[in-house]
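# Coordinate inspection notes
Residue-level listing of the chains:
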Amino acid sequence: MRNRKGSASWLVLAFGVGSFLCLIFGSSSRVSAIPAFARKYQTSCTTCHNNYPELNDFGEAFKKNGFKFPKDDETFVKEPPVLLGAKAQREAFPKAVYPGEIPGSLPLGFRFTGFAQYNNKKPLNAPPAGFMPRTDLFTSPTFSLFAAGSFGPNISFWIDDDISVDGAGAAGGLGDGYLKVNDIGHYLHLPKNTLNVRFGQFELDLPFSQARTIHPTDYDIYTQASTASALGTTANPFVFAAPQRGFELGGYPNNGNFAWSVAVVNGNNDSSTLVRNSKDIYVRVSQRFNLERDANVRKEVQAAGPTGPRDHTSIRFGAFYYYGRNALNADRAISTLGTIHEPFYRAGGDIRFKYRNLELYGLGMYGHDVNHLVDTETTPATIMRAAPVTFSGGFAGAQYWFYPWLIGLMRYDFVNSPTDALNDLALRNTRNRLSPGVQVYLRANAKIVFEYQRSWQVSVPTPPPLFFRHHGFIAGIDYAF
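Our subject in this report is the structure included herewith.

Here is what the cut-offs are and how they apply
Residues numbered from 1 in each chain as written. Predicted model: local features only at pLDDT ≥ 70, side-chain atom pairs only at ≥ 80, totals over all residues. Heavy atoms only, no water. Pairing = 2+ DSSP bridges. Helix = DSSP H or I, 4+ residues; strand = E, 2+ residues; numbered from the N terminus. Core = buried A, V, L, I, M, F, W, Y, C linked by side-chain atoms within 4.5 Å. Buried < 20%, exposed > 50% of the residue type's maximum accessible area, 1.4 Å probe, protein only. Contact = heavy atoms within 4.5 Å. 1 Å grid on protein atoms, 1.4 Å probe; cavity = no way out; pocket = protein on both sides within 12 Å on 5 of 7 lines; lining within 4 Å. Points joined across faces, edges and corners; volume = space filled by probe spheres on them. Nonpolar A, V, L, I, M, F, W, Y, C, P; charged D, E, K, R; others polar. Salt bridge = Lys/Arg side-chain N within 4 Å of Asp/Glu carboxyl O. Polar contact = N/O pair within 3.5 Å; in protein donor to acceptor, adjacent residues only side chain to side chain. Patch = residues over 30% accessible without salt bridge, like charges linked within 9 Å, V, L, I, M, F, W, Y side chains within 5 Å. Areas by Shrake-Rupley, 256 points an atom, 1.4 Å probe, with all protein chains shown as cover. Phe/Tyr/Trp six-rings, centres within 6.5 Å; stacked < 30°, edge-to-face > 60°. Lys NZ or Arg CZ within 6 Å of the ring centre and 35° of its normal.

Now for the pairing of strand β10 (residues 244-251). In terms of strand pairing, strand β7 (residues 196-202) meets β10 through 7 bridges, oriented antiparallel. For Phe-202, the partnering residue across the bridge sits in β10 and is Gln-244. Both β10 and strand β11 (residues 258-265) contribute to a ladder of 6 bridges, which runs antiparallel. By the bridge assignment, Gly-250 is partnered in β11 with Ser-261. Hairpin connection of β10 to β11: 6 residues between the antiparallel strands, including Asn-254 at a positive phi of 55 degrees.

Here it is as structure tokens:
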């Protein structure tokens, strides 16, 4: 056993070193950049990212400004847009079609991620049945297409689609696809970007993005769903990690230090068929305090220098609340009962602190779903309130830049769900995971990722329930072009 374990470890180590050397010597010496915006402005990915796809202060300002430079955008554009008409049409509006503009070339980019895994030994009769290898090379490779840009001074768009997930032409799916209108509050004489609107399919205004996270694994609390199983009727598919369909009002006046958003969405996730008429509400507010000593620096947006951009020293506090009404029996599967409405909510807070090369962050969330019991043996069937389905949890993490190209990471996830434990989905109420890692930039648009996961109380839902320590190691590549 010891020799087999050592061989697997050396296999993963050899893969990681091989990937590093291939990318180092196989890449062009010219610094590449993330497409669309990098090509438009002829700039490096590090202008907007300290550790892509996470945005730095400049990247946040760029995004909030409708994918334009926060100041003097026209002077930095190296690829002029195509005007869809003449200036005279703008002056003649509304008696003429407002001309607008489109990007000078197709604003397309591609991203590929693939990882090798080494996992702790699982129970022999764990599903799926049969042999389960402990090592897997390039598991779940994902090839994505994304496009973004602007249609004039205040309309922007974003589309990303996973063309292939898990390889071999496997179907992917649309992530975000939305239009956004910036600064509509201008017509109400409000400060710039106090009121904006976006609509389509989009990730909620989460404190920390799941769709564009720097980690190769999901935040556990974001993927937690509420299911009562044998303990009641609750079967709520909603999870924070999934994009939603709807529209959102929001704004970030005062140079973006204060931000707010209110979204009205279907609430059935991006891939779920809508099964109810009611809509869900999501609200988020946050306040950032700029801690730079120099008052002039506090008012500036940090730009990239020879060693990359540097974020402001700052601390951000935020809070969020999500409310919805899950609907059961809408199809009258139990003919003697009407639609059963089960209100639910998610509430939480977050914090983020940046100081030079260090970033600390954390999030806590509580979930509550109304639950019922149905007695179909009575005539007619009866329904009564049951104990609610609740859970809590969150994550805490840190990043440290040893060099602009060498980043150390640490993250701790935990979820407390009594219902999961009672349904034998977890050994105890609380399950947690510690994930240290390191990321190495080979070029501005290519990096290798290492992460070790140490988990507790992980179950395999097969009768009788089996529990094991799901430790594992991930090594892989992430690049865009």
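Take the nonpolar core next. In terms of nonpolar packing, the biggest core is built from 32 residues, with Leu-204, Tyr-222 and Phe-240 touching the most fellow members. At the level of elements, α2 (37-41), α3 (57-64), β11, β13 (314-328), β15 (358-375) and β16 (382-403) are the ones that each hand at least two residues to this core. Among the elements that make up this core, the one with the highest residue count is β15 (3 residues). Ignoring any residue separated from it by four or fewer positions in sequence, one finds Leu-204 in contact with Arg-198, Phe-238, Phe-240, Gln-244, Ala-263, Val-265, Tyr-282 and Tyr-322. Counting 6 residues, the second-largest nonpolar core is a separate cluster that includes Ile-214, Trp-401, Ile-407 and Leu-409.

For the structure shown, the criterion picks out 3 cavities of 30 Å³ or more. Looking at the largest cavity, its volume works out to about 180 Å³. Taken together, 18 residues line the largest cavity, and the ones lying closest to its centre are Ala-36, Lys-40, Glu-79, Pro-103 and Pro-107. For the lining of the largest cavity, a count of residues per class yields 10 nonpolar, 4 polar and 4 charged. Empty space within the second largest cavity amounts to approximately 40 Å³. When residues of the lining of the second largest cavity are assigned to their parent elements, the largest contribution, 4 residues, is made by strand β18 (residues 430-443). Tallied by class, the residues present in the lining of the second largest cavity amount to 4 nonpolar, 4 polar and 1 charged.

The next thing to look at is unusual backbone geometry. The omega torsion across Tyr-52 and Pro-53 is 5 degrees, close enough to zero to call that bond cis. With respect to the helices, strands and loops of the structure, Pro-53 is situated in the loop between α2 and α3. With a phi close to 60 degrees, Phe-67 is a non-glycine residue in the positive phi region. Examined against the element boundaries, Phe-67 turns out to sit in the loop between α3 and α4 (73-76). On the basis of relative accessibility, which here comes to 5%, the residue Phe-67 falls in the buried class. Of note in this structure, Arg-356 is not a glycine but carries a positive phi near 50 degrees.

Moving on, we get to the environment of Gln-42. Here Gln-42 lies in the loop between α2 and α3. By relative accessible area, Gln-42 is classed as exposed at 54%. Between the C-alpha atoms of Gln-42 and Lys-78, which are 36 residues apart in sequence, the distance is 6.4 Å.

Next up on the list: the pattern of salt bridges. All told, the structure shown has 18 salt bridges when counted by the stated rule. For Asp-176, the salt bridge identified is with Arg-212, shortest N-O distance 2.9 Å. A residue pair is termed long-range when its members are at least 10 positions apart, and Asp-176 in strand β6 (residues 171-181) and Arg-212 in the loop between β7 and β8 (226-227) qualify at 36 residues. A salt bridge links Asp-369 to Arg-346; its shortest N-O distance comes to 2.9 Å.

For the rest of this paragraph, the subject is the side chain of Asn-51. Relative to the helices and strands, Asn-51 resides in the loop between α2 and α3. Separated by 2.8 Å, the side chains of Asn-51 and Lys-447 make a polar contact. Beyond its immediate chain neighbours, meaning those up to four positions away, Asn-51 contacts Ile-214, Gln-399, Trp-401, Ile-407, Gln-439, Tyr-441 and Lys-447.

Here we take up a nonpolar patch on the surface. On the surface, Val-82, Leu-84, Ile-102, Phe-151, Ile-155, Leu-179, Phe-199, Phe-247 and Leu-249 cluster together into a nonpolar patch covering about 670 Å² of accessible area. Within the element layout of this structure, Ile-155 appears in strand β5 (residues 155-165).

Enumeration according to the criterion identifies 35 aromatic pairs in this entry. With a centroid separation of 5.1 Å and 25 degrees between ring planes, the pair formed by Phe-37 and Phe-67 is classed as stacked. Of this pair, Phe-37 sits in helix α2 while Phe-67 sits in the loop between α3 and α4, and the two are 30 residues apart along the sequence. Relative to Phe-317, the ring of Phe-289 has its centre 6.3 Å away and its plane inclined at 65 degrees; by these criteria the two rings are edge-to-face. With Phe-289 in strand β12 (residues 280-290) and Phe-317 in strand β13, this pair connects stretches of sequence that are 28 residues apart. For Phe-317, a relative accessible area of 41% puts it in the partly exposed group. Pairwise contacts between aromatic rings join Phe-208, Tyr-219, Tyr-222, Phe-238, Phe-240, Tyr-282, Phe-320, Tyr-322, Phe-344, Tyr-361 and Phe-395 into one cluster. Directly above the aromatic system of Tyr-178 lies the positively charged group of Arg-198, at a separation of 4.9 Å from the ring centroid. Above the plane of the ring of Tyr-52 lies Lys-447, whose end atom (NZ or CZ) is 4.7 Å from the centre.

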